[in-house]
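Close look at the chain arrangement
This is what each chain is made of:
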Amino acid sequence: MAQNKRFNVVLVHGGFVDGSGWRSVYELLTRDGYSVSVVQNPTTSLLDDVAATKLILEEQDRPVILVGHSYGGVVITEAGNDPRVAALVYVAAFAPSEGESVDTLIRNPPPGAPVPPILAPRDGRLFLDKEKFHGAFAADLDAELAEFMADSQVPWGLDALRGTVSKAAWKTRPSWYLVATEDRMIPPEAQRAMATRAGATIVEQRGSHAIYVSQPDAVAALIVQAASGTKAAARESEANAAVQPDV
């Protein structure tokens, strides 16, 4: 289908994985006529990952719906201040405020909350315990796929874990948030709290932390909803401006 939408979509992955997990979401959106780009951020540091995202934003010929999964939510919170970004979509993602990082947001979890099975750092990089990857990250994926994801992990840098946001884009951009209700990496209650603080439109879907892989229809639907909502808000703003009396 020819690209005929008002917005482009840019997808940003999180830690321990790469952009290939977005493939099904990408295919659904492109079939619907969206121009979609996938950022391959190096997950070495927040500064590097924001820079990688901005490289892709600079290529866009339309306003962007910027989407982040997991740690990718931190990236879009900072990179989303780019003037090309019209709206943000968080998918089971961190949505920090100024001065916050993944490190600060996961510190001191409440009693009974799931704790991500992150191993001790090696040369400044982090991995998830392969034996616990399926249950923690991808419980609703089949064992074979989860095993492949565990064995193909991308090292996650300590500077990415600890990178702090300087300006939270959700304060000036409309946002949407998909809560994964069976997530064992970011507790659903924490997701709801961050989404509420950001003033996001919240949708809940049963799924693991890898919901962007296991439930691509739900993820794509929320992105389309964000595009539609942003377009409607823009039209309302234009209509209100048109009826203002001259002074």
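Calculation notes
Residues numbered from 1 in each chain as written. Predicted model: local features only at pLDDT ≥ 70, side-chain atom pairs only at ≥ 80, totals over all residues. Heavy atoms only, no water. Buried < 20%, exposed > 50% of the residue type's maximum accessible area, 1.4 Å probe, protein only. Helix = DSSP H or I, 4+ residues; strand = E, 2+ residues; numbered from the N terminus. Pairing = 2+ DSSP bridges. Arc of directions from axis to C-beta. Contact = heavy atoms within 4.5 Å. Patch = residues over 30% accessible without salt bridge, like charges linked within 9 Å, V, L, I, M, F, W, Y side chains within 5 Å. Areas by Shrake-Rupley, 256 points an atom, 1.4 Å probe, with all protein chains shown as cover. Salt bridge = Lys/Arg side-chain N within 4 Å of Asp/Glu carboxyl O. Lys, Arg positive; Asp, Glu negative; His and termini not counted. Charge placed at Lys NZ, Arg CZ, Asp CG, Glu CD. Polar contact = N/O pair within 3.5 Å; in protein donor to acceptor, adjacent residues only side chain to side chain. Axes fitted to C-alpha atoms, helices over the stretch in contact; angles between N-to-C directions. Left-handed = near helix turned anticlockwise from the far one by under 90°. Nonpolar A, V, L, I, M, F, W, Y, C, P; charged D, E, K, R; others polar. Parallel < 35°, antiparallel > 145°, perpendicular 65-115°, else oblique.

1. Observations regarding the pairing of strand β7 (residues 175-180)
- Of all six residues in β7, six are buried; the element is thus mostly enclosed.
- Of the two faces of β7, both are covered, the one formed by Ser175, Tyr177 and Val179 as well as the one formed by Trp176, Leu178 and Ala180.
- Across four bridges, the pairing between strand β4 (residues 85-91) and β7 is parallel. Across the sheet, Val89 pairs through a bridge with Trp176, a residue of β7.
- Looking at chain direction, β7 and strand β8 (residues 201-205) are connected through five bridges and run parallel.

2. Focus: helix α8 (residues 188-197)
- Taken together, the buried positions of α8 are occupied by Pro188, Gln191, Met194 and Ala195. For α8, the buried positions fall inside an angular range of 125° around the axis, keeping them on one side. Opposite the buried face of α8, at more than 90 degrees from it, the exposed residues are Glu189 and Thr196.
- For α8, the elements touching its buried residues are α4 (102-106), β7 and β8.
- Of the residues one or two after α8, Gly199 is the one with positive phi, at around 70°.

3. Some remarks on a negative patch on the surface
- A cluster of like negative charges, contributed by Glu131, Asp142, Glu144 and Glu147, occupies part of the molecular surface.
- With respect to the element layout, Glu131 can be found in helix α5 (residues 130-137).
- Judged by its relative accessible area of 73%, Glu131 is exposed.

4. Observations regarding the environment of Ala95
- In this fold, Ala95 is placed in the loop between β4 and α4.
- A sequence separation of 76 residues divides Ala95 from Gly19, and the C-alpha atoms of the two residues are 19 Å apart.
- Residue contacts for Ala95: discarding those within four places in its chain leaves Thr77, Tyr90, Trp170, Met194 and Arg197.

5. Thoughts on the side chain of Thr230
- Locating Thr230 in the fold gives a position in helix α10 (residues 216-243).
- Of the polar contacts made by the side chain of Thr230, one reaches the backbone oxygen of Ala226; its length is 2.7 Å.
- Apart from residues no more than four positions distant in its own chain, Thr230 is found in contact with Phe7, Ile65, Ala86, Ala87, Pro174 and Trp176.

6. Examining the packing of helix α2 (residues 46-57) against helix α3 (residues 72-79)
- Taken N-terminus to C-terminus, the directions of α2 and α3 make an angle of 65°; their axes are 9 Å apart at the nearest point. In the packing of α2 onto α3, the handedness of the crossing is right-handed. Side by side, α2 and α3 meet where Leu46, Asp49, Val50, Thr53, Lys54 and Leu57 of the first sit next to Val74, Val75, Glu78 and Ala79 of the second.
- Classifying every residue of the contact of α2 with α3 by side-chain character gives six nonpolar, one polar and three charged.

7. Overview of the environment of Trp22
- You can see Trp22 is positioned in the loop between β1 (8-12) and α1 (23-31).
- Residue class for Trp22 comes out buried when judged on its relative accessible area of 0%.
- Dropping the residues within four chain positions of it, Trp22 is found in contact with Leu11, Val12, His13, Val38, Val67, His69, Val91, Tyr212 and Val219.

8. Concerning the packing of α5 against helix α6 (residues 143-151)
- Interaxial distance between α5 and α6 falls to 9 Å at its minimum, and their mutual angle equals 125°. By the angle between their axes, α5 is oblique relative to α6. Relative to α6, α5 is oriented so that their crossing is right-handed. Seen from α5, the contacting residues are Lys130, Phe133, His134 and Phe137; seen from α6, they are Ala143, Ala146, Met149, Ala150 and Asp151.
- Of the residues assigned to the contact of α5 with α6, the class counts are six nonpolar, one polar and two charged.

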